[in-house]
Amino acid sequence: MARTDSRANSRDGELRARAEAVIPGGMYGHQSTGLLPEDYPQFFERGEGAHIWDVDGRRYLDFMCAYGPNLFGYANPQIDAAYVRQLGLGDTMTGPTALMVELAETFVAMVSHADWAMFCKNGTDATTMALTTARAHTRRKVVVRARGAYHGAAPWCVPRPAGTTEADRAHQILCDYNDVASLEAAVAQAGDDLACVFAAPFKHDAFIDQAEPLPAYARRARELCDASGALLVVDDVRAGLRLARDCSWSKIGVQPDLSTWGKCIANGHGLSALLGSDKARKAAASIFVTGSFWYQAAPMAAALETLRLVRETDYLERITALGERLRAGLAERASAAGFSLRQTGPVTMPLFLFDDDPDLRKGFYFSSQMLERGVYVHPWHNMFLCAAMSEADIEAALDAAEAAFGALRLQAPGLAPVEKLAFLTTGGTR
């Protein structure tokens, strides 16, 4: 595998050693490289446009976009200027600025189901607020959500159960995404205690193929909520603004009662949001949710500029076209090298998986070869395109992929299992 010993005597290796002494596990959460190839850097120095530089000075075209927050480019001059201007006036203060009202008005004008907005910091904040609002509105407990879907890292939804209790995860019924019968059975099981149905905008679980939402599934979720008095929640934290300028399910004609937003709504500045319809307004006003930094003005200034660019530029059409070019080019090059590469999900949020690769050994090797050639891709998580990417960037990525497929063709017969991903084939847990 490329550069397996690259951390020896490196700045990244030094920082990892120091981190091991003062950070549990050396790193935690979704930005830990613990389940990535060994040559992937853990620490980065800076980002600009579509590129990032690691602490050892290597430059990468970044298809992770900070796991989603980078929509208009790292260090976008217009967005960052708005942030810095407001930072000079005031950020964390005893009360919010007028920007909070303006931002809420902007979201309500942009998102068709929304009549109000509340702001917080992380996607987990927003999804937990949505659940709390739904329970306050219905005075019921049960949430139905799809098996394997990610809705944050609070005890009620965190994918790894260490440190949580059964009580933390009580009153939840799981269904299979896009399976209408499974959804109906879960709702029936909830009976008169159904508070809400949580839905990802598309199936974007890790390690497996993505899937677009079936219109029949989305419509049935809406119908079941209407019939029972429960609320429908679309969790757009990950996909919001990369699939539509509205809530993602607006594309298939289904409007939720609540939607959660985060990641890129301020182009990487810390801000998330819960949007809702008038139906849930009274309940949202009744719950107590807060945070010392939820009302910061500078991220709201960045969000207003981000949303202006969303409205006034063709960013979505451009990243969609780039994604289509990337998908077509990868399919062509993979086939020429003799590989069957599955590309699933929206073209603006792609996932690549190889056929006949249950423990991802091919995917790991291919990703390392891409990294070696200056392209940061992910072997098992969906990726992201941003508006700072260019046609030249996509062509560079395809050139890297052609060489990476060639290297993989030579090495594939002798690749060893990926020990850190043994759970994929043994039925264990991460």
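Higher on the page you've got the structure.
Worth saying up front: this structure is predicted, and the values here are computed from it rather than measured.

A. Fine view of the pattern of salt bridges. In this structure the tally under the stated criterion is 24 salt bridges. Two residues, R222 and D226, come together in a salt bridge whose shortest N-O distance is 2.9 Å. One end of the pair, R222, and the other, D226, are both in helix α6 (residues 215-228), four residues apart, so they sit about a helical turn from each other. According to the relative accessible area criterion, D226 is partly exposed, its value standing at 48%. Measuring nitrogen to oxygen at the nearest pair gives 2.6 Å for the salt bridge that ties R308 to E305. Remark: E305 and R308 occur in helix α8 (residues 297-312); sequence separation between them is three residues, near one turn of the helix. What makes R308 partly exposed here is its relative accessible area of 24%. Residue class for E305 comes out buried when judged on its relative accessible area of 15%. Ionic contacts of the salt-bridge type, sharing partners, join the residues R222, D226, D257 and K279 into one network.

B. Local environment of the sheet that holds strand β8 (residues 231-235). With mixed pairing, the seven strands of this open sheet are ordered in space as β4-β10-β9-β8-β7-β5-β6. Two strands in the sheet have a free side with no partner beyond their single neighbour: β4 (116-120) and β6 (172-175). Neighbour to neighbour, the strand axes of the sheet diverge by 20° on average, direction disregarded. Bridge analysis of strand β5 (residues 142-146) against strand β7 (residues 194-199) gives three bridges, and the strand direction is parallel. Residue pairing for β7: V143 is matched across the bridge by C196. On the sheet, α6 packs against β6, β7 and β8 and is oriented at approximately 145° with respect to β8.

C. How the structure looks around the packing of helix α9 (residues 315-336) against helix α11 (residues 391-411). Two elements in contact, α9 and α11, have axes whose closest approach is 9 Å; the angle formed by their N-to-C orientations is 20°. Considering their axes alone, α9 and α11 lie roughly parallel with respect to each other. When you trace α9 past α11, the crossing you get is right-handed. Together, L322, R325, L326, G329, L330, R333, A334 and A336 of α9 and E391, I394, E395, A397, L398, A401, E402, F405 and R409 of α11 make up the contact between the two elements. Taken together, the residues of the contact of α9 with α11 break down into 10 nonpolar, one polar and six charged.

D. Spotlight on the pairing of strand β1 (residues 44-48). Of the strand pairs in this sheet, β1 and strand β2 (residues 51-54) are connected by four bridges, and their pairing is antiparallel. Bridge pairing links F44 to D54 in β2. Two successive antiparallel strands, β1 and β2, enclose a turn made up of two residues, where G49 displays a positive phi of approximately 60°.

E. Quick look at helix α1 (residues 11-22). For α1, built from 12 residues, the straight-helix expectation of 16 Å at 1.5 Å per residue is met to within 8% by its first-to-last C-alpha distance of 17 Å. Those residues of α1 that fall on the buried side of the exposure criterion are D12, L15, R16 and A19. The buried residues of α1 occupy an angular sector of 105° when projected down its axis, which confines them to one face. Those residues of α1 that are exposed and angled more than 90 degrees off the buried face are A17, E20 and A21.

F. Quick peek at the side chain of T33. Mapping T33 onto the fold places it in the loop between α1 and β1. Only 3.4 Å separates the side chain of T33 from the side chain of R16, close enough to count as a polar contact. In this structure, T33 is in contact with R16, Y40, P41, Q42 and K420, ignoring residues within four places of it in sequence.

G. Seen up close, the sheet that holds β1. With mixed pairing, the four strands of this open sheet are ordered in space as β1-β2-β3-β13. Of all strands in the sheet, those with a lone pairing partner are β1 and β13 (375-376), marking the two edges. As defined by bridge partners, β2 adjoins strand β3 (residues 59-62) across three bridges and the pair is classed as antiparallel. The residue of β3 that forms the bridge with H51 is L61.

H. Expanded view of the environment of N9. The residue N9 is located in the segment before α1 in this model. Judged by its relative accessible area of 85%, N9 falls in the exposed class.

I. A look at the packing of aromatic side chains. Per the counting criterion, the structure on display carries 15 aromatic pairs. Measuring from ring centre to ring centre gives 5.7 Å for F339 and F354, while their planes differ by 85°; the resulting arrangement is edge-to-face. In this pair, F339 is assigned in the loop between α9 and β11 (341-344) and F354 in strand β12 (residues 351-354), connecting sequence segments 15 residues apart. Taking relative accessible area as the criterion, F339 reaches 13% and is therefore assigned buried. Sitting over the ring of W53, R46 keeps its end group 3.7 Å from the ring centre.

J. Inspection of the pairing of β5 at higher detail. Counting buried positions along β5 gives five out of five residues, so the element sits mostly inside the fold. Burial of β5 is two-sided: the residues V142, V144 and A146 facing one way and the residues V143 and R145 facing the other way are all buried. Inspection of the sheet shows β5 paired to β6 by four bridges, in the parallel sense. If you follow V143 over to β6, its bridge partner there is Q172.

K. Representation of the nonpolar core. Grouped together as the largest cluster of nonpolar side chains are 116 residues, with contacts concentrated most on F63 and F405. Apart from the residues lying within four places of it in its own chain, the contact partners of F63 are L326, V375, Y376, V377, M383, F384, L385, M389, I394 and A397. Core analysis: the second largest hydrophobic core is formed by 20 residues, W116, W156, L258 and L274 among them.

L. How the structure looks around the packing of helix α2 (residues 77-89) against α8. Two numbers describe how α2 lies on α8: the axes approach to 8 Å, and their chain directions differ by 150°. Here α2 lies roughly antiparallel to α8, going by the angle between them. For the pair α2 and α8, the sense of crossing is right-handed. Along the contact surface, α2 presents Q78, I79, A82, Y83, Q86 and L87, while α8 presents A297, A298, P299, A301, A302, E305, T306, R308 and L309. Of the residues that constitute the contact of α2 with α8, the class distribution is 10 nonpolar, three polar and two charged.

The rules behind each value
- Residues numbered from 1 in each chain as written.
- Predicted model: local features only at pLDDT ≥ 70, side-chain atom pairs only at ≥ 80, totals over all residues.
- Heavy atoms only, no water.
- Salt bridge = Lys/Arg side-chain N within 4 Å of Asp/Glu carboxyl O.
- Helix = DSSP H or I, 4+ residues; strand = E, 2+ residues; numbered from the N terminus.
- Buried < 20%, exposed > 50% of the residue type's maximum accessible area, 1.4 Å probe, protein only.
- Pairing = 2+ DSSP bridges.
- Axes fitted to C-alpha atoms, helices over the stretch in contact; angles between N-to-C directions.
- Contact = heavy atoms within 4.5 Å.
- Parallel < 35°, antiparallel > 145°, perpendicular 65-115°, else oblique.
- Left-handed = near helix turned anticlockwise from the far one by under 90°.
- Nonpolar A, V, L, I, M, F, W, Y, C, P; charged D, E, K, R; others polar.
- Expected span 1.5 Å × (residues − 1).
- Arc of directions from axis to C-beta.
- Polar contact = N/O pair within 3.5 Å; in protein donor to acceptor, adjacent residues only side chain to side chain.
- Phe/Tyr/Trp six-rings, centres within 6.5 Å; stacked < 30°, edge-to-face > 60°.
- Lys NZ or Arg CZ within 6 Å of the ring centre and 35° of its normal.
- Core = buried A, V, L, I, M, F, W, Y, C linked by side-chain atoms within 4.5 Å.

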